[in-house]
Structures are given as structure tokens and as C-alpha cells.
Amino acid sequence: MTQQPAPLAAPQSARRLLIVWWSVTGASRAMALAAHRAACDAQECEVQACEVHLRQAGEASVDDLLQANAFLFVMPEMLGSMAGAMKDLFDRTYYPLLGRLEGRPYALVVCAGSDGSGAVRQLERIVTGWRLRRVAEPLIVCTHAQTPEAIAAPKVMTPEALEAAAVLGQSLATGVALGIW
Ligand SMILES: Cc1cc2nc3c(=O)[nH]c(=O)nc-3n(C[C@H](O)[C@H](O)[C@H](O)COP(=O)(O)O)c2cc1C
């Protein structure tokens, strides 16, 4: 019987930015997509590229989070806290990942009718437990939806808001690619 060659050492896995989002009426989705596009575009100019993964909150797994070197969380504020589907992500993954993500960088985007601070506070409290490190000011985008009709309507983001999301995605991807964090 011929001897099998020894397996090659596994290639060092690429550094990875994970963008996790949830959206009901499209604002957070548009912001996540803008960040994702800019993060991917930034890779074309970098020598040491990072992979950019985009996951809807309900599809993100413990492994997705574990494999990522940095995170961008994008979500709406609802009833003064983060939207339930985003909270579900942390409910599912918090304890399996406790003590395993220490020091990893993150940033966050919150879409809100008029506030957003409750969702920011809640997310920051949760990821402080993981000892994540915030590397950018929270980006809060107010859609000025106040009535039931305006709140239920599909959202169209301004070019300025999309640009702010793009800058965040690009900076995170570049930081990860260059190993700044
Ligand atoms: C049930 C519900 C609760 C909401 N609660 C808040 C709130 O507490 N503070 C706020 O600023 N906006 C609140 N909003 C407005 C949303 O944050 C806003 O419409 C945002 O654009 C939704 O993001 P999305 O388009 O990504 O779904 C609420 C909307 C809904 C549907």
C-alpha cells in the first residue's frame, strides 16, 4: 500500500471583519450594505486583505463570531433597546463566547426614529462582558419616523448617512487588514 503524503500545514486563516445586521424597514440593512461594500472595496488597495463577512442577525452563529477579528453591529432601536432579533443573537451566543473574544475591536450603527441611545447603551453593556474594545464612536442615524405610518414605511437613507456607514466599514476593514488591533 502506498503511503499517503503527510497533510500540508493548514494555511493561516485570513483576518476577518464580520458585519452583523438586523432591520425591519430597511434603514439598518442599507447601512450594513454600505459598510460592507466599502469594506470590500478597501480590500482592493490593501496588500494584507481581510475577509469581510455579512450576516443577518438570525443567521449569525457562535462560530461566525469566533472566527472574526473585528465586528460591526448594525441594528434599529426599538422600544428603547436593541431590536429583538439582534438581542436574540446575543442571547444565543453570549455564554458560549464568554472569555473567548477578549480585546477584539468593534463598532456599531443604530438606526432610530429619534433617539438610539438606549440601543447603544444596551449593546455596549453586553459586549463589555465579552471585553470587546470599541474603536469608533457609535453611529446613530435618526430616520425621524414618529407616527405609526412613518415608522412602518420603508426607509431611504441619506447619502450622508450611507457615507458615514461606508467610512466605518472601510476603516474597520483597513484596520483589520493592517493588523492595527
Ligand atoms: C416597535 C418599534 C419600536 C420603536 N422604538 C423606537 C425607540 O424606542 N426609539 C427610537 O428612536 N425609534 C424607535 N423606533 C423607530 C425605529 O428605530 C426606526 O423606524 C428605524 O428606522 C428602524 O430601523 P430599520 O429601518 O432598520 O428597521 C421604533 C420602531 C418600531 C417599529
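Residues numbered from 1 in each chain as written. Predicted model: local features only at pLDDT ≥ 70, side-chain atom pairs only at ≥ 80, totals over all residues.

(A) Layout of the pairing of strand β7 (residues 139-142). Covered by surrounding structure in β7 are Leu139 and Val141 only, the residues Ile140 and Cys142 on the alternate face being uncovered. Sheet analysis places strand β5 (residues 105-112) next to β7, joined by 4 bridges and oriented parallel. Considered in β7, the bridge of Val110 is made with Ile140. (Buried ≥ 20, exposed ≤ 12 C-beta atoms within 10 Å, placed from the backbone. Helix = DSSP H or I, 4+ residues; strand = E, 2+ residues; numbered from the N terminus. Pairing = 2+ DSSP bridges.)

(B) Spotlight on helix α4 (residues 117-129). In this model, α4 (13 residues) spans 19 Å end to end at C-alpha, consistent with the 18 Å of a helix rising 1.5 Å per residue. Residues Ala119, Val120, Leu123 and Val127 constitute the buried set of α4. The buried side chains of α4 occupy one side of the element, clustering within an arc of 100 degrees when seen end-on. Every exposed residue of α4 that faces more than 90 degrees away from the buried side is listed here: Arg125 and Thr128. Contacts made by the buried residues of α4 are with β3 (70-78), β4 (81-82), β5 and β7. (Expected span 1.5 Å × (residues − 1). Arc of directions from axis to C-beta. Contact = placed C-beta atoms within 7 Å.)

(C) Region of interest: the site of the ligand. Around the ligand lies a shell of 21 residues, among which Ala27, Ser28, Pro76, Ala112 and Gly113 are the nearest. For the shell around the ligand, the secondary-structure elements that each account for two or more residues are α1 (27-43), β3 and β5. At 3 residues, the largest contribution of residues to the shell around the ligand is made by β3. Here the residues of the shell around the ligand sort into 9 nonpolar, 9 polar and 3 charged. (Near = placed C-beta within 6 Å. Nonpolar A, V, L, I, M, F, W, Y, C, P; charged D, E, K, R; others polar.)

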